[in-house]
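Structure at a glance
Listed below, chain by chain, are the residues.
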Amino acid sequence: MDICPCCGSKLATEWQHGCAACGARPVGPPLPPPETRLPLIGRTLFIGVAGLLLALASLGTIVFELNRRGHLLPRDVADFVSAATTATWRAKYLLLPLSLAIFWTCSVLRRRVRREPQRFLWRRFALVGYGAATLALIANLAFTLLFIPELIEQRRLAREAAVQSLLYGTHRMLLEYKALYGTYPASLDDLRRLPDPEGSNARLLAQLGLANYVPSSVQAARIERQRPARGARLRQVAARADTDAAPASGLETVSFTDYELLWPGADGIYGTEDDRLVKDGVIVAEPRQLKSPGALVITNRNSKPK
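A brief report on the enclosed structure follows. (Residues numbered from 1 in each chain as written. Predicted model: local features only at pLDDT ≥ 70, side-chain atom pairs only at ≥ 80, totals over all residues. Heavy atoms only, no water.)

**Section: the overall build of the protein**
Check the secondary structure of the protein and you find seven helices and six strands. Counting helices and strands in the order they occur from the N terminus, the protein gives α-α-α-α-α-β-α-β-α-β-β-β-β. A total of 306 residues make up the protein; the buried ones form 33% of that total. Nonlocal contacts in the protein, meaning residues at least 24 apart in sequence, comprise 62% of its contacts between residues at least 6 apart. Of the roughly 19,800 Å² that the protein leaves accessible, carbon and sulfur atoms contribute 60%. (Helix = DSSP H or I, 4+ residues; strand = E, 2+ residues; numbered from the N terminus. Buried < 20%, exposed > 50% of the residue type's maximum accessible area, 1.4 Å probe, protein only. Contact = heavy atoms within 4.5 Å. Areas by Shrake-Rupley, 256 points an atom, 1.4 Å probe, with all protein chains shown as cover.)

Printed below as a string of structure tokens:
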């Protein structure tokens with residue numbers, strides 16, 4: 001006898017010495033064990049139900065993701081894998097620990113069932129649940145690992161979107177300056193003259209840092225290409241329309257009509273993969289060394305390309 005029939009506690013000594021927990025004393029030898037024992041079902045039932053519930057929960061997250069995309073059934077294998085990786089990654093803090101806990105618990109209980117299989121009912125149901133828990137754990141781990149390259153790509157796209165937002169924001173400031181003064185600025189520092197009540201322009205200019213800004217003028221380039229007649233004298237022009245000396249001296253003004261902006265990226269080093277070249281608001285795929293098409297070129301003094 002290992003258990004006290006009075007209180008149910010486990011006996012620490014021989015049954016003849018009584019129960020130390022409740023003080024009960026034996027009045028005779030223990031009853032003989034029954035000839036037949038009723039089969040157990042609790043462990044096998046837990047393994048089967050827990051494994052199937054885990055598999056249904058994992059599948060439910062995928063169905064929810066497919067429903068969020070507008071269709072309950074996947075269109076093809078790629079669509080199913082994409083939905084599965086996204087759903088598993090979103091529920092990784094719940095599904096992965098739950099999968100590990102259920103798989104470990106089912107493994108422990110299954111080892112006990114395998115030691116005495118004749119004492120348990122629904123062993124096949126337990127086997128099905130254990131297989132479902134195993135498959136759910138493997139699938140959740142695999143889909144989570146498959147999402148890592150997609151996560152890296154999404155972060156790359158996010159960084160690229162931030163860069164494009166910066167460059168297009170700079171182009172917006174340049175257009176505002178041109179609409180206000182009739183010409184592109186001679187340097188990026190001139191953009192500080194724009195109204196900036198919210199401080200957005202100042203934040204963009206602070207991010208540009210070592211950007212190389214080169215404005216140019218089609219009119220000035222045409223004047224440079226034309227050869228003057230022998231003995232003729234070139235007309236004097238002013239490079240800025242808002243130059244104070246231009247109207248007073250009677251000089252003709254030349255407006256900047258084009259620009260090139262070379263940004264070295266977040267690392268601030270020219271010649272790397274994150275360099276971006278903007279030509280009149282268009283981001284060039286492959287940045288190159290800036291070459292001015294005109295004669296009147298003023299390089300931003302704050303930029304020092306390497």
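From this point, things continue past the structure.
**Some thoughts on a positive patch on the surface**
Taken together, the side chains of Arg43, Arg111, Arg112 and Arg115 define a basic patch exposed on the protein surface. Look at Arg43 and you get partly exposed, because its relative accessible area is 32%. (Patch = residues over 30% accessible without salt bridge, like charges linked within 9 Å, V, L, I, M, F, W, Y side chains within 5 Å. Salt bridge = Lys/Arg side-chain N within 4 Å of Asp/Glu carboxyl O. Lys, Arg positive; Asp, Glu negative; His and termini not counted. Charge placed at Lys NZ, Arg CZ, Asp CG, Glu CD.)

**A few points about the state of the cysteines**
Counted by the stated rule, this structure contains zero disulfides. The thiol of Cys7 is unpaired, and the distance to the nearest cysteine sulfur, on Cys22, comes to 3.6 Å. Here Cys7 falls in the partly exposed class, since its relative accessible area comes to 39%. (Disulfide = S-S within 2.5 Å.)

**Topic: the environment of Asn201**
Mapping Asn201 onto the fold places it in helix H5 (residues 200–208). Here the alpha-carbon distance between Asn201 and Gly169, two residues 32 residues apart in the chain, equals 8.2 Å. With sequence-adjacent residues up to four places away left out, Asn201 is seen in contact with Arg172, Met173, Leu194, Pro195 and Asp196. A polar contact of 3.2 Å, which involves the side chain of Asn201, links it to the side chain of Arg172. (Polar contact = N/O pair within 3.5 Å; in protein donor to acceptor, adjacent residues only side chain to side chain.)

**Some thoughts on the pattern of salt bridges**
Enumeration according to the criterion identifies nine salt bridges in this entry. Linking Glu160 and Arg276 is a salt bridge whose minimum nitrogen-to-oxygen distance equals 2.7 Å. Here the residue Glu160 occupies a position in helix H4 (residues 123–181), and Arg276 occupies one in strand E5 (residues 276–279), the gap between them amounting to 116 residues. Among the residues examined, Arg276 registers a relative accessible area of 15% and is labelled buried. Of the charged contacts in the structure, one is a salt bridge between Glu176 and Arg172, with a shortest N-O distance of 3.0 Å. In this pair, Glu176 and Arg172 are both assigned in helix H4, four residues apart and thus about one turn of the helix distant. On the basis of relative accessible area, Arg172 is assigned to the partly exposed category, the value being 32%.

**Here's the deal with helix H2 (residues 77–90)**
Compared with the 20 Å implied by 1.5 Å per residue over 14 residues, the 20 Å span of H2 between its first and last C-alpha is a close match. Every buried residue belonging to H2 is among Asp79, Ala83, Ala84, Thr85, Thr86, Ala87 and Thr88, and all of these are buried. Check the buried side of H2 and you find it contacts helix H1 (42–68), helix H3 (92–115) and H4. (Expected span 1.5 Å × (residues − 1).)

**What about a nonpolar patch on the surface?**
Residues Ile41, Leu45, Val49, Leu53, Leu56, Leu121 and Trp122 make up a contiguous nonpolar surface patch of roughly 630 Å² in combined accessible area. Topologically, Leu45 is positioned in helix H1. By relative accessible area, which is 34% here, Leu45 ends up partly exposed.

**Remarks on the packing of H1 against H3**
Close contact between H1 and H3 brings their axes to 9 Å; oriented N to C, the two are set at 155°. The orientation of H1 with respect to H3, classified from their angle, is roughly antiparallel. The two elements H1 and H3 cross, and the hand of that crossing is left-handed. Contacts from Arg43, Thr44, Phe46, Ile47, Ala50, Gly51, Leu54, Ser58 and Thr61 in H1 reach Leu95, Leu98, Ser99, Ile102, Thr105, Cys106, Leu109, Arg110, Arg112 and Val113 in H3. Split into classes, the residues belonging to the contact of H1 with H3 amount to 10 nonpolar, six polar and three charged. (Axes fitted to C-alpha atoms, helices over the stretch in contact; angles between N-to-C directions. Parallel < 35°, antiparallel > 145°, perpendicular 65-115°, else oblique. Left-handed = near helix turned anticlockwise from the far one by under 90°. Nonpolar A, V, L, I, M, F, W, Y, C, P; charged D, E, K, R; others polar.)

**Considering the environment of Gly18**
Inspection of the secondary structure puts Gly18 in the segment before H1. A residue is classified by how much of its surface remains accessible, and Gly18, at 7% relative accessible area, is buried. For the pair formed by Gly18 and Cys4, sequence separation is 14 residues and the distance between their alpha carbons is 8.3 Å. When sequence neighbours within four positions are dropped, the list of residues in contact with Gly18 reads Leu11, Thr13, Ala24, Arg25 and Pro26.

**Observations regarding the packing of aromatic side chains**
This model, assessed by the stated rule, comprises seven aromatic pairs. Ring centres of Trp122 and Phe125 lie 5.9 Å apart, and the angle between their planes is 80°; on these two criteria the pair is classed as edge-to-face. A relative accessible area of 28% means that Phe125 is categorised as partly exposed. Put simply, the rings of Tyr184, Tyr213 and Tyr259 touch in pairs and so form one group of aromatic residues. The ring of Trp89 is capped by Lys92, whose NZ or CZ atom sits 4.3 Å from the centre of that ring. (Phe/Tyr/Trp six-rings, centres within 6.5 Å; stacked < 30°, edge-to-face > 60°. Lys NZ or Arg CZ within 6 Å of the ring centre and 35° of its normal.)

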